[in-house]
Amino acid sequence: MKLYLIRHGQTDWNVAGKIQGSTDIPLNDTGRRQAACLAKGMESRPVTKVFTSTLSRAYETGLAIGKSQNVPVEQLKGLEEVGYGVWEGMTMAEIQEKYPKELELWYNSPVDVAPPEGESQVQVYERCGRALDTILAQARGDVAVVSHGATVVFLLEYLLKDTRRDEDEDIIVGNASISTIECDRETGRFTLVELNDRRHLEG
């Protein structure tokens, strides 16, 4: 079976460079167009179900796929973006100005240190794992999982944790991108087939 890990379409805060995190920011007009193009691009990747974050920008993106393929769309807690606490709504420059010490601590040890009132990488990794376990238990064929930029990276890390890769290699996924994972049910092995495909947005 295949898992299609998808990042939501564009929002106004994406354009402004603001940290969104758990703040529920909707798609903008460009994001809605991207969702429509994404749904078209997913036509060659039929799925049996779409799982999405509970945040509206991911849910609206997932609905475009669900409607196109006439399959159910389920909001699943645990797929939300990383919680950045009091930093949400700020740009990195503003965070650097207002929270320089906290930002330095977070940069130096993001696994264990959380932004003020936010989540650490350990917490996000654990909830992403629980969400994926739920998805894999329910999946009856290929499925789409619509989430967020940082969360998609955590999902990829969780699924590919037994696969060697360059630890210095940063994974970045763009808005409305598709990353494909092949799952071997018999061996439990996950293989990255394609990362950050955005060809459906061209033209």
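Everything that follows concerns the structure shown earlier in this document.
Residues numbered from 1 in each chain as written. Predicted model: local features only at pLDDT ≥ 70, side-chain atom pairs only at ≥ 80, totals over all residues. Heavy atoms only, no water.

(A) Representation of the packing of aromatic side chains within the structure. Summed over all chains, the structure comprises 4 aromatic pairs. The structure contains a cluster of three or more aromatic residues connected by ring pairs, namely Y84, W87, W106 and Y107. A cation over a ring is seen here: K161 above Y158, with NZ or CZ 4.0 Å from the ring centre. (Phe/Tyr/Trp six-rings, centres within 6.5 Å; stacked < 30°, edge-to-face > 60°. Lys NZ or Arg CZ within 6 Å of the ring centre and 35° of its normal.)

(B) Structural context of the pairing of strand β1 (residues 2-7). Most of β1 sits inside the fold, with 5 of its 6 residues counted as buried. By the bridge criterion, 5 bridges tie β1 to strand β4 (residues 143-147) in an arrangement that is parallel. Paired with L3 across the bridge in β4 is V143. (Buried < 20%, exposed > 50% of the residue type's maximum accessible area, 1.4 Å probe, protein only. Helix = DSSP H or I, 4+ residues; strand = E, 2+ residues; numbered from the N terminus. Pairing = 2+ DSSP bridges.)

(C) Broad picture of the side chain of T52. Counting through the fold element by element, T52 comes out in strand β2 (residues 49-52). Not counting the four nearest positions on each side in its chain, T52 is found in contact with A58, Y59, G62, V73, E74, Q75, L76, L79 and V146. (Contact = heavy atoms within 4.5 Å.)

(D) Structural detail: the environment of V50. In this fold, V50 is placed in strand β2. Under the relative-accessibility criterion, V50 is labelled buried at 0%. Taking the C-alpha atoms as reference, V50 lies 13 Å from R7; in sequence the two are 43 residues apart. Apart from residues no more than four positions distant in its own chain, V50 is found in contact with G62, I65, G66, V71, P72, V73, E74, A144 and V146.

(E) Up close: the environment of T23. Within the secondary structure, T23 sits in the loop between α1 (12-16) and α2 (29-41). The sequence separation of T23 and G83 amounts to 60 residues, and the corresponding C-alpha distance is 8.3 Å. Ignoring sequence-local partners within four residues, the contact set of T23 consists of W13, R57 and E88.

(F) Main features of the pattern of salt bridges. Taken as a whole, this structure holds 10 salt bridges when the rule is applied. Between R45 and E194 there is a salt bridge, with its nearest N and O atoms 3.6 Å apart. Here the residue R45 occupies a position in the loop between α2 and β2, and E194 occupies one in strand β6 (residues 189-197), the gap between them amounting to 149 residues. Of the residues examined, R45 reaches a relative accessible area of 12% and is grouped as buried. Residues joined by salt bridges that share partners form a network here, namely R45, E194, D197 and R199. (Salt bridge = Lys/Arg side-chain N within 4 Å of Asp/Glu carboxyl O.)

(G) Region of the structure containing unusual backbone geometry. Its identity as a non-glycine residue notwithstanding, A176 has a phi of 60°, on the positive side. Considering the arrangement of structural elements, one finds A176 in the loop between α7 (149-159) and β5 (178-184). Of note, N196 is a non-glycine position whose phi angle comes to about 60°, a positive value. Structurally, the position occupied by N196 is in strand β6.

(H) Spotlight on the state of the cysteines. The tally for this structure, following the rule as stated, stands at 0 disulfides. As a non-bridged cysteine, C128 has C183 as the owner of its nearest cysteine sulfur, 17 Å distant. C183 sits in the buried class, given a relative accessible area of 6%. (Disulfide = S-S within 2.5 Å.)

(I) Local environment of the sheet that holds β5. The strand order across the open sheet built from 6 strands is β3-β2-β4-β1-β5-β6, with neighbouring strands paired in mixed fashion. If you trace the sheet from one side to the other, it starts and ends with β3 (73-75) and β6, each paired once. Between one strand and the next, the sheet's axes are offset by a mean angle of 20°, whatever the strand orientation. Looking at chain direction, β2 and β3 are connected through 3 bridges and run parallel. Pairing of T52 across the sheet is with Q75, part of β3. Across the sheet, helix α3 (residues 56-69) touches β1, β2, β3 and β4, and the angle it forms with β2 is around 175°. (Axes fitted to C-alpha atoms, helices over the stretch in contact; angles between N-to-C directions.)

(J) Molecular detail of the environment of G9. Note on placement: G9 falls in the loop between β1 and α1. G9 sits 23 residues away from R32 along the chain, and the two C-alpha atoms are 6.7 Å apart. Apart from residues lying up to four places away in sequence, G9 is in contact with N14, L27, G31, Q34, T61, N175 and A176.

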